[in-house]
Amino acid sequence: MAVREAEPVETLQEVKEAGLDREDLLSMYRNMLTTRAIEERGHILYKQGKIPGSFYTGRGNEGSAVGVGTAMGPNDVGTPLQRDMGVHVTRGIEPWRVFAQYMGRVDGPTKGRDGNVHMGDARMGLHTMVSHLPAMLPVAVGMALAFRIRDEKRVAVAWCGEGAAARGDAHEGMNLAGVRRLPVVFVIDNNQWAYSTPAHLEYAVDHLADRAAAYGFEGVVVDGTDVLAVYREAKRAIEKAREGGGPTLIESVTLRMEGHAVHDDAFYVPKELFEEWARRDPIERFRGWLRDNASMSDEEEDEITSGVKRLLSAAIQRAEESPVPDPATLLDGVFATPEELETPHHK
Amino acid sequence: MATQEKTYLQAISDGLRQEMRRDQRVFCLGEDVGVYGGAFKVTQGFQEEFGASRVLDMPLSETAIVAGATGAALMGMRPVAEMQFADFVSCAWDHLVTVAAKQRYRAGTPVPIVLRLPSGGGFSGGPFHSQNPESSFAHIPGLKVVCPATPEDAKGLLATSIEDPNPVLYFEHKHLYRRIKGPVPEERYATPFGKARVHREGDDLTVITWGAMVYTADEAAAKLADEGVEVEVLDLRTLIPWDREAVLESVARCSKALVLHEDTKTGGFGAEIAATIAEEAFEQLDAPVRRIAAPDSPVPFAPSLEKAFIPQVDDVAAALRELAAY
């Protein structure tokens, strides 16, 4: 069974029909630039030795992450992964807290208990990933189950890479979501490489979205470099789930433009492939679209670019001022205390 | 408090029903827990009383059951998930150990889930329906481990498990389900974690144990009493947290200790207790700490083999006699 392949969004009129105004578009552009800049500046900090551990980026996935993040409603939740910084940015994380997270400082969302993109601010509806991908996918299904039990019109978004789609967690989570028609949207970031393993050694179907049929719901393939197409598909899927229409599997196709992590030069990816996908850079693509279709002016563009630059310079400085965790706090929070459950998300 | 004589199984069932009546956030999920009422009938009649949306029959998906419970807990629910047999928790290991156990520490968001685990052998359940995997999880920071031995504790510890803001593994021993009866208070009560219970008083030797082995120890102690040796039986009730003070106090008083469990010996939780006694009560000991546990093999099927595997009253009595004579 062939899945639907999403159409590109051509005009400002189509965008308006999808629920975005011009301000929203500029804000999405700003979020994409901020996302890339966080990771570029982070990479420099890493090379300077200011970030311990390893360092992961989502270059090439900014459009997909910002597109889905923008489509989520204020009370929706999600479990974004290591290529999805754009979701955190879109949901409102302040960049200085991301740098504090990278540096293992107390003001990062995990307060130095976990590193790199393993973060999420529950107040923004985002719940942190684990390395065992896609373990958070069935957890997001459980969030949707809670919404179903309480009859709330909220949606959970579960991310998964094309590599992790091979694991049983993805199957069990999607199967359960299909059986119960839960309000959850699955987003597979298909960036074609799981570390060094190419897609053809990861799955045998034409599209991972084909699998949706096996779980009894709709699958759609979208060009992940087209932020507006991703937004429109995510919005459709999220609103459908909200209205009781069950899950959707969105396969967002991109290319991972860098190695698995910064130690990896991705020598195994053919140069021509990088060149081909560099011409489809999501930020450049959206920039061109905004100039052609939304009359983004030089002044507006400069303002956004310089604003992002200023924001990040201040953010890095503030993050560096954040204290390192006190070793005396090592054991704090291994177990939760009863008072902690009196938080808004537990009411 | 008015009490009623109940089986261990009824106490669990009634306790869970009471929690579901008082707290809308509590719901059950698991394989065959709804229409069928659970493989052991713990949730019998629950779907009629609470509806299908709070008593969820799940696909054969232990990963999705535990992960689903975790996600629902993060959204403010209080899930009580059932593994049909404790053995099957291996399929959900990742979700307990990787996600639920570390979530509070990493992300600051508590995961109040209870996983009910029918455990233990004694009926030729074979290698996959008889295990006692509590020590595997006691080793994981962030998880609590509960092993009630009496009907009263089964109910009271279940209430505490559901109230607790952390992932709790509640091991209910299958060999106690219908064999053990006792008085259970009708009203709601919560039995604190980390407080051991003296099942039998004595001053000559102490046996530190939990779950079904409490009764094995008690029978062995009765034999020793006939021989003039008074054995204390200390029921830990919970392994994480465990009552170090009570253990050390009992050891200081009796000077000789035997640690007994149905789980296999190497790396079993008894090793932790024995090591703690050695570290902190060495000078109070009049004999080396003794451990009785299942040997390091899978749980066998044939009754003759299973009997040789699970510690028996005579094994414990023999070890106690040796300790007494030391």
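Residues numbered from 1 in each chain as written. Chains lettered and ligands numbered in written order. Predicted model: local features only at pLDDT ≥ 70, side-chain atom pairs only at ≥ 80, totals over all residues.

Another aspect to go through is the interface of chain A and chain B. It is common to report an interface's size as the accessible area lost on association of the parts. Taken together, the 39 residues of chain A in the interface contact 33 residues of chain B. Sorting the residues of the side of chain A that touches chain B by element identifies α6 (136–150) and α7 (168–180) of chain A as the ones contributing at least two each. Here the side of chain A that touches chain B takes 10 residues from α6 of chain A, the largest share from any one element. (Contact = placed C-beta atoms within 7 Å. Helix = DSSP H or I, 4+ residues; strand = E, 2+ residues; numbered from the N terminus.)

Further remarks concern the domain arrangement of chain B. Residues and elements named next belong to chain B. Once the domains are mapped, chain B shows domain 1 (3–185) and domain 2 (197–325). One C-alpha centre belongs to domain 1, the other to domain 2, and the line joining them spans 26 Å. In this complex, domain 1 contributes 25 residues to the contact, which on the side of domain 2 involves 20 residues. Taken together, the elements giving at least two residues each to the side of domain 1 that touches domain 2 come down to α5 (134–138), β6 (144–146), α6 (151–163) and β7 (168–173). Classifying every residue of the side of domain 1 that touches domain 2 gives 11 nonpolar, 11 polar and 3 charged. (Domains from an automatic or database assignment. Nonpolar A, V, L, I, M, F, W, Y, C, P; charged D, E, K, R; others polar.)

Before going further, it helps to examine the environment of F27 of chain B. Summarising the element assignment, F27 of chain B is placed in strand β2 (residues 26–30). Along the sequence, F27 of chain B and S136 of chain B sit 109 residues apart, while their C-alpha atoms lie 26 Å from each other. Ignoring any residue separated from it by four or fewer positions in sequence, one finds F27 of chain B in contact with I149 of chain A together with R54, L56, M77 and P79 of chain B.

Parts of the prediction with low pLDDT should not have their coordinates interpreted in detail. Per-residue confidence for chain B gives a mean pLDDT of 98, with 100% of residues at or over 70. Across the predicted assembly, pTM comes out at 0.97 and ipTM at 0.96. (pLDDT = per-residue confidence, 0-100.)

All names here are of chain B. Strand order across the open sheet formed by 5 strands is β9-β11-β10-β13-β14, with mixed pairing between neighbours. Each edge of the sheet is formed by a strand with only one pairing partner; in this case those strands are β9 (197–200) and β14 (290–294). Between one strand axis and the next, the sheet turns by 25° as a mean value, whatever way the strands run. Relative to the sheet, helix α9 (residues 269–280) contacts β10 (205–209), β13 (257–264) and β14, its axis offset from that of β13 by approximately 160°. (Pairing = 2+ DSSP bridges. Axes fitted to C-alpha atoms, helices over the stretch in contact; angles between N-to-C directions.)

Take the packing of helix α3 (residues 62–71) of chain A against helix α9 (residues 227–242) of chain A next. All names here are of chain A. Between α3 and α9, the least distance of the axes is 8 Å, while the angle of their chain directions is 35°. Regarding α3 and α9, the two cross each other, and that crossing is right-handed. For the pair α3 and α9, contact is made by G63, S64, V66, G67, V68, T70 and A71 and by V227, V230, Y231, A234, K235 and I238, respectively. Among the residues forming the contact of α3 with α9, the class breakdown is 8 nonpolar, 4 polar and 1 charged. (Left-handed = near helix turned anticlockwise from the far one by under 90°.)

Another point: the pairing of strand β11 (residues 231–235) of chain B. Residues and elements named next belong to chain B. Counting buried residues along β11, 5 of its 5 residues qualify, which places the element largely inside the surrounding structure. Residue alternation in β11 divides its side chains into two sets, V231, V233 and D235 and E232 and L234, and both sets are buried. Sheet topology places β9 next to β11; 3 bridges connect them, and they run antiparallel. Bridged to R200 within β11 is V233. Note: β10 against β11, 5 bridges, orientation parallel. Pairing of V207 across the sheet is with V233, part of β11. You can see the chain leave β10, run along helix α7 (residues 213–226) and come back into β11, and the turn it takes is right-handed. (Buried ≥ 20, exposed ≤ 12 C-beta atoms within 10 Å, placed from the backbone. Right-handed = clockwise from strand over helix to strand, strands pointing away.)

All names here are of chain A. The parallel open sheet is built from 6 strands, whose spatial order is β1-β7-β8-β4-β3-β2. Bordering the open sheet on either side are β1 (4–5) and β2 (77–79), each of which pairs with just one other strand. Relative to strand β3 (residues 156–161), β2 runs parallel, the two being bridged by 3 bridges. Each bridged residue has a counterpart across the sheet, and for V77 the counterpart in β3 is A156. In the packing of α9 onto the sheet, contacts are made with β4 (184–190), β7 (218–223) and β8 (248–253), and the angle to β8 comes to roughly 170°.

On to the packing of helix α5 (residues 95–102) of chain A against helix α12 (residues 298–321) of chain A, then. Residue and element names in this part refer to chain A. Where α5 contacts α12, the two axes come as close as 8 Å, and the packing angle between them is 45°. Here α5 lies oblique to α12, going by the angle between them. Here α5 runs over α12; the crossing is right-handed. For the pair α5 and α12, the contacting residues are P95, W96, F99 and A100 in the first and L311, L312, A315, I316, R318 and A319 in the second. Grouping the amino acids of the contact of α5 with α12 by side-chain chemistry returns 9 nonpolar, no polar and 1 charged. (Parallel < 35°, antiparallel > 145°, perpendicular 65-115°, else oblique.)

A few words now on the nonpolar core. Of all hydrophobic cores here, the largest spans 200 residues; its most connected members are A140, V141, M143, A158, V184 and V185 of chain A. Domain assignment of the residues forming this core places at least three in each of domain 1 (3–185) and domain 2 (197–325) of chain B. (Core = buried A, V, L, I, M, F, W, Y, C linked by C-beta atoms within 7 Å.)

For the rest of this paragraph, the subject is helix α8 (residues 244–254) of chain B. Residues and elements named next belong to chain B. Along α8, the residues that are buried comprise A246, V247, S250, V251 and C254. Axial view of α8: buried residues confined to an arc of 130°, hence all on one face. The inward-facing, buried residues of α8 abut β10, β11, β13 and α9. A positive phi of about 70° marks S255, the residue just after α8. (Arc of directions from axis to C-beta.)

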